Amino acid sequence: MKILSVVALCIGAPSISGFNNSPLSSLSSSRSTPAASSLVTVALTSSPDVVVISPPGGIGEIASVEAARLGGAVKWFVVSAPSRSVSSTGIALTSETLSAIEKAGGSIELAGANAESLLVNSDDGNSAASAVSTWCRGTKAILCTYDGAEEEKRRSDLAKSADERGGNEDKMIRSSIRVAAREAVGVAGAGVSKIAILSAGEEIGDVEAAEQKGKGFLGGLFGGNAVEIPDTMSEAMKGATAIVRHGELFGAPESSPESSPFMGGPRREPVLREMYTMRSIRIDPTISVSGNVIAGGSKTNRVAIGAVASRLGMGKINVPKKSGIDVSLSSFAGTETPTEAEWSKEFSRVMELISSPSGGANLFSAEFSSVPSTKRLAEWIATKWAPAILRSYDIAGTRVGARPVYAVQTDDNTVEIVWQELVNFNSVTSGRMIIKIEETGITATRGPGNAADGFGRISMKPLSGEDILVRRLADAASQAIEKGLATKSKVLAKESAAQETQAKPLTTLVASSVESAPAEEDATAVSGPGPRGAGVRRSAERTRGSRRKSPPASE
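Remember, predicted model here, so these are calculated numbers, not experimental data.

**Description of the confidence of the model for the chain**
Then, number 1: Per-residue pLDDT for the chain has a mean of 77; in total, 73% of the residues score no lower than 70.
Then, number 2: Within the model, the stretch residues 1–17 combines pLDDT values under 50 with 53 contacts to residues more than four positions away or in other chains.
Then, number 3: Low pLDDT, under 50, characterises residues 503–527; the stretch is placed with five contacts to residues that sit more than four places away or in other chains.

What follows is the structure, encoded as C-alpha cells:
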C-alpha cells in the first residue's frame, strides 16, 4: 500500500523559535499523486472548522484525520517535549485516506510548538502563545487531549543520558496544552464547540488540587516569567465543555506501524489486533454507576474515541453547547464500526438519561409486578432495612471522609440515605442516595448534599460505601417480595415457570419406567439391598446352638 508522507515546512514567524507550521499539501514531490496535489487549494484556510491541540500521534492525530474525512478544514496543533525539535513532527497517510479527504472536501494544516515555548510569558520573545491565537482565530470547534504525553516523554528520554532522564516533560506538555487551549478559545468564533478527551477520574475532585500543586514546580522552573496555567481543561476552555472519558486505551493512528491489522507479521494463523476486533461501543453518563464502571475498568479504542470527538466538533452529533456533558466510552467485541445513525442513537439515549430528573445519576432499579402499598414499603426500608445496613461493619467501619449516617423518609414513597463528613469540625451533608418506590418498582439515584456547605452539585465520583448499598438494595428487593410488600414481576414468574416446565419431562420419564416394571422388581426395590432382598435362598439348613456330632451326609 502506497504511503504519502507529510513534510514539515517551517513558515512560522521568524521571531518565534518554537512555533512551526506545516500544511498537509506540502508533500514530497517524489511521492505526490493527483489525490495529494489537489489538496493545495484547500489546505490553508483562514477560519478552520476544527482545531485539535494534542501531543504527537494518539487520539489527536486520529481525530484530525477523521474530521478531515468528514469534510472539515482542520488545524492540528502539536505540542512536543521541550528537548525535541518541532520540525521533526509529521504524519503519514495512506492514499485511500487522502482520496477520502479530497472527495469530502476536507483539509489538514499542521503546526506545532515545544512545551517550553508555551509556558513562558507572552511578552517574552520566545513565547508561542500569541502565534497560537493568530493561527486558530475564528475556529468553530476546539478539541484537546493529553493522550500521547507519556509516549512523547519516552521519546525525548531516548536522546538523554541516564542522569538526565526522569524529568517532568509529560507534566509540562499537559500544562502547555491547557495554555494553548485557553489561547485558542479566546479567539474562537461565536458558539464554538469545546471538546475535552480525558481518562477516567482525570480532573475530578482531588485531581484538581494535585494540578494546582504543579504551579509551584513550573513557576520555579521558569522563574517569574512563567505564564499563568489553568488548573483543568474545563477552566482553560472557559465554560461548558463536552468531556468524553475513556478507559485503558488501545489502538494506534494510521501513521503508526502498530496500525497494521496483523500482529507479528505473516503467520499461518494470523492474529488480529484489538483495534480491529473491538469496534463496538457503549456510551454512558460518567456520573452513573455504569459510566464509572466503563471508564474505570474497561478498554477504549482510540479510533472510536477519535471518531466521537471529531463528530462532536463537526456538529454531526447534536448535544447542547450551553450545558456541557460528561460521558464515558467503552469498546466491546465487534468488527463493524458504528454508523452515523448508531452514533446519533447512542447519544440520544445518553441525553435522555442526562435530561431526566436524576441527571443521569442512576444507581439501581428493580421491577415489580405491583406494590400494594408504597408507603408501607418505604417505611420498611427507612426503619428496618437501612438502619441494619448502616450499622454493618462495611459501612460503620469507615473512619475517614464521608460515610452514610442515617436514613429518613421524606415522602410517602421516598427514602433518603444521607452522607455526612466533618468540615472544620462541623458535620455537613455531602451527598444523598434517593430511593423512590413506585407502583411497579424501586429506583435509586445519587443526589447532591447541602448547597450552603459547598456540596450543591451531584458528585461525579461514587460516594463512599455507595457500592455496598447498591448491592444490598438487590437483597432488599428480594426481601420485599418474601414479606409480601411487593409482588414478583411477571417476567420473573414466567422464567421460573419455564424452568419448572423443563424439569417435568424428566420426572415423568422416571415414573413411567417404574410403572412398567414387573411386580417382583418392585418388591425387590422396596426390600432394600442384600442377597435375601434379591430373592436368594440357602441351599441347605444351617445348624444353630450345638456342635456337630457327625459329619454331614454326603450327597
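Let us keep going from here.
**A closer look at unusual backbone geometry**
Then, number 1: A positive phi angle, close to 55°, is found at Lys238, a residue other than glycine.
Then, number 2: One non-glycine residue, Asn424, adopts positive backbone phi at about 55°.
Then, number 3: Checked against the element boundaries, Asn424 lands in the loop between strand S16 (414–423) and strand S17 (426–438).

**Comments concerning the packing of aromatic side chains**
Then, number 1: Using the criterion set out here, one finds one aromatic pair in the structure.
Then, number 2: With a centroid separation of 6.1 Å and 50° between ring planes, the pair formed by Phe77 and Trp135 is classed as tilted. With Phe77 in strand S4 (residues 73–80) and Trp135 in helix H6 (residues 129–135), this pair connects stretches of sequence that are 58 residues apart.
Then, number 3: When its relative accessible area of 7% is taken as the criterion, Trp135 is described as buried.

**Some details on the layout of surface pockets**
Then, number 1: As a volume, the largest pocket reaches approximately 1,400 Å³.
Then, number 2: Residue lining of the largest pocket: 44 residues in total, with Ile204, Arg457, Ile458, Ser459 and Met460 positioned closest to the centre.
Then, number 3: The set of elements that each furnish at least two residues to the lining of the largest pocket consists of helix H9 (206–222), helix H10 (233–236), strand S9 (242–246) and helix H14 (340–355).
Then, number 4: A breakdown of the residues in the lining of the largest pocket according to their chemical character gives 17 nonpolar, 17 polar and ten charged.
Then, number 5: Within this model, the second largest pocket holds a volume of roughly 900 Å³.

**Digging into the side chain of Lys153**
Then, number 1: Mapped onto the elements, Lys153 comes out in helix H7 (residues 149–158).
Then, number 2: Filtering out sequence-adjacent residues up to four positions away, Lys153 remains in contact with Gly166, Gly167, Glu169 and Asp170.

**Overview of the nonpolar core**
Then, number 1: One finds Leu143, Ile283, Val308, Leu312, Leu329, Trp343 and Phe347 to be the most contacted residues of the largest nonpolar core, which totals 38 residues.
Then, number 2: Top contributing element to this core by residue count: helix H13 (residues 302–314), with six residues.
Then, number 3: Counting 36 residues, the second-largest nonpolar core is a separate cluster that includes Ala81, Trp135, Ile173 and Ala184.

Parameters at a glance
Residues numbered from 1 in each chain as written. Predicted model: local features only at pLDDT ≥ 70, side-chain atom pairs only at ≥ 80, totals over all residues. Heavy atoms only, no water. pLDDT = per-residue confidence, 0-100. Contact = heavy atoms within 4.5 Å. Helix = DSSP H or I, 4+ residues; strand = E, 2+ residues; numbered from the N terminus. Phe/Tyr/Trp six-rings, centres within 6.5 Å; stacked < 30°, edge-to-face > 60°. Buried < 20%, exposed > 50% of the residue type's maximum accessible area, 1.4 Å probe, protein only. 1 Å grid on protein atoms, 1.4 Å probe; cavity = no way out; pocket = protein on both sides within 12 Å on 5 of 7 lines; lining within 4 Å. Points joined across faces, edges and corners; volume = space filled by probe spheres on them. Nonpolar A, V, L, I, M, F, W, Y, C, P; charged D, E, K, R; others polar. Core = buried A, V, L, I, M, F, W, Y, C linked by side-chain atoms within 4.5 Å.

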